[in-house]
Amino acid sequence: MKNWWQGLKGSVKLRESLKRHTTFGIGGPARFFIEPKDVADLKLLINLRKRYKLPLLVIGAGSNILASDKGTGAAVLHLSSPYFKKLSFKKNILEASSGVSLNAAIRAATERGLGGLEFMAGIPATLGGALAMNAGIPAKSILDLVENVTVLDYNNRVKILSKNDLCFGYRSCNLGKFIILSARLKLKKGNKKKISRDTKQYLKRRWLTQDLSLPSAGCVFKNPKGDSAGRLIDLCGLKGGSVGGAAISLKHANFIVNRRHARAKDVLRLIALAKKEVKKKFGITLKLEIKIW
Ligand code: EPU
């Protein structure tokens, strides 16, 4: 097991703090934090993890993860090398690798007068993370744009999955058993100024309604059918409630913010409180949108 990672060309960090890689700014060390150089390097990693029976967790921009204060014994895979940040256009199709940030994709598309991505402005996600979570807003999600997704399975086979192979739900999809490598998104030709204006509108709405001034993981719970988790938690009078350094946002009750040195266990206590109170008052069981590591 000693120095099992020898041979990998990318970066391997030991005991890397997950605080640095999650938007919550919370989390203990990852035993191994690995940024492969390219697909060949990634395939080598898949072989090594099999040989050494290492669990693997994939992280994108870390915007939907609450990492344990103890950290993780898994190898955390981060596709952030230049190879995984490639982006190109063929007519109105955007082809991007999974490490590309949504905001970079929006900027590049706008520059070419291609619209469609505007509703995702301000979501702090990589393309891979956005696909894995089927990111979006209530009216639409990234699924609406997908032509196909190229993935690597855990037997090191590259597959191209067309839209029909994909099964997306509300903030979920069936890509969990793969490592997402890249995707082709279908955009539409539009007016640069209008695309830019619409992007700003989505950003403005986010700034007006959401708590973006403090570290968080965005909405903590999924919305129950036909309602909003934020509204329900708000009606329970929980805004501003705090445990340790974590608090339920005063601006949006479905946001838990890291006010100062919050620990995962503080956030977990607020999650339990919100679930309990919403269940008691409305009989609704809230389900987590964020992933707990
Ligand atoms: N509301 C309250 N109190 C609150 C928060 C919201 O009464 O503290 C009310 C609002 O006034 C509004 C309703 O609840 O009438 C819905 O609130 P909002 O428009 O803020 O939308 P949301 O349902 O809370 C969803 C997504 C967001 C996405 C916005 C964009 C989920 C769980 N949340 O929020 O996604 O940005 O719509 O419109 O689907 C995320 O997934 O991390 C996320 C932030």
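To be clear, the structure that these remarks concern was listed above.
Here the structure is a predicted model, which is why all the values come from computation and not from measurement.

Chemist: Can you help me understand the overall build of the protein in this one?
Modeler: Counting its secondary structure elements, the protein contains six helices and 21 strands. Computed over the C-alpha atoms, the radius of gyration of the protein is 20 Å, within 12% of the 19 Å expected from 2.2 N^0.38 for a compact globule of 293 residues. The buried share of the protein, taken over its 293 residues, is 49%. Summing over all exposed atoms, the protein offers an accessible surface of approximately 14600 Å²; the carbon and sulfur share of this is 53%. Seen as two clouds, the 55 positive and the 19 negative side-chain charges of the protein have centres 2 Å apart.

Chemist: Got a minute to help me understand the packing of aromatic side chains in this structure?
Modeler: Where two aromatic rings form a pair, the distance of their centres and the angle of their planes describe that pair. For the structure shown, the criterion picks out five aromatic pairs. Their ring planes at 90° and their centres at 5.9 Å tell us that Trp-4 and Trp-5 sit as a pair that is edge-to-face. Accessibility expressed as a relative area gives 3% for Trp-4, which makes it buried. Through a chain of ring-to-ring contacts, three or more aromatic side chains come together here, namely Trp-4, Trp-5, Phe-32 and Tyr-52. The ring of Tyr-83 has Lys-86 sitting right over it, with the charged end atom 3.8 Å from the ring centre.

Chemist: Help me out: how do you make sense of the sheet that holds strand β1 (residues 11-17) in this one?
Modeler: Two modes of strand pairing occur in sheets, parallel and antiparallel, and in both the strands are linked by backbone hydrogen bonds. With mixed pairing, the four strands of this open sheet are ordered in space as β1-β2-β5-β3. Strands with a single pairing partner mark the edges of an open sheet, and in this sheet they are β1 and β3 (56-59). Between one strand axis and the next, the sheet turns through 30° on average, direction left out of account. Where β1 and strand β2 (residues 29-35) come together, six bridges link them in antiparallel fashion. Within the sheet, the bridge partner assigned to Ser-17 lies in β2 and is Pro-29.

Chemist: Looking at this structure, I do not really get the site of the ligand. What am I missing?
Modeler: Looking at the ligand, there are 20 residues lining it, with Tyr-170, Asn-223, Asp-234, Ala-253 and Glu-289 nearest. Asn-223 is positioned with one of its side-chain polar atoms (N or O) 2.7 Å from an oxygen atom of the ligand. When residues of the shell around the ligand are traced back to their parent elements, those giving at least two are α4 (192-209), β17 (216-219) and α5 (229-235). The element best represented in the shell around the ligand is α5, accounting for three residues. Broken down by class, the residue content of the shell around the ligand amounts to six nonpolar, seven polar and seven charged. Each of domain 2 (86-196) and domain 3 (213-292) contributes no fewer than three residues to the shell around the ligand.

The rules behind each value
- Residues take numbers from 1 onward in each chain, read along the sequence in its written order.
- For a predicted model such as this one, the threshold for reporting local features is a pLDDT of at least 70, and the threshold for listing and counting side-chain atom pairs is 80 or more; totals across whole chains, interfaces and linings nevertheless cover every residue.
- Side-chain measures were taken over the full set of non-hydrogen atoms in the model, leaving aside hydrogen atoms and water.
- Only DSSP runs of H or I with at least four residues qualify as helices, and only runs of E with at least two residues qualify as strands; both kinds are numbered from the N terminus onward.
- Our radius of gyration looks at C-alpha atoms and nothing else; its globule reference is 2.2 Å times the residue count to the power 0.38.
- Each residue is assigned to one of three classes by its accessible area relative to the maximum for its type, calculated with a 1.4 Å probe on protein chains only: buried under 20%, partly exposed between the two thresholds, exposed over 50%.
- Each accessible area value is a Shrake-Rupley result obtained with a 1.4 Å probe; residue values ignore everything except the protein chains displayed when judging cover.
- Neither His nor the chain ends contribute to the count of charged residues, in which Lys and Arg are positive and Asp and Glu negative.
- A charged residue contributes its charge at one atom only: NZ of Lys, CZ of Arg, CG of Asp or CD of Glu.
- A pair of aromatic rings is counted whenever rings of Phe, Tyr or Trp (Trp by its six-membered ring) have centres within 6.5 Å, and the orientation is called stacked for planes under 30 degrees apart, edge-to-face for over 60 and tilted otherwise.
- Here, a charge over a ring means that NZ of Lys or CZ of Arg falls within 6 Å of the ring centre while also lying within 35 degrees of the ring normal.
- The criterion for strand pairing is that DSSP finds at least two bridges linking the strands in question.
- Note on definitions: angles span 0 to 180 degrees between N-to-C directions of axes, and those axes are lines fitted to C-alpha atoms, for helices only across the stretch in contact.
- A cutoff of 4 Å decides nearness: a residue is near a molecule or strand if any of its heavy atoms lies inside that distance of it.
- Here a polar contact is taken to be a pair of N or O atoms separated by no more than 3.5 Å, where protein atoms must pair a possible hydrogen donor with a possible acceptor and residues adjacent in sequence count only if both atoms sit in side chains.
- Put simply, Ala, Val, Leu, Ile, Met, Phe, Trp, Tyr, Cys and Pro go in the nonpolar bin, Asp, Glu, Lys and Arg in the charged bin, and everything else, Gly too, in the polar bin.
- Boundaries between domains were set according to an automatic or database domain assignment.

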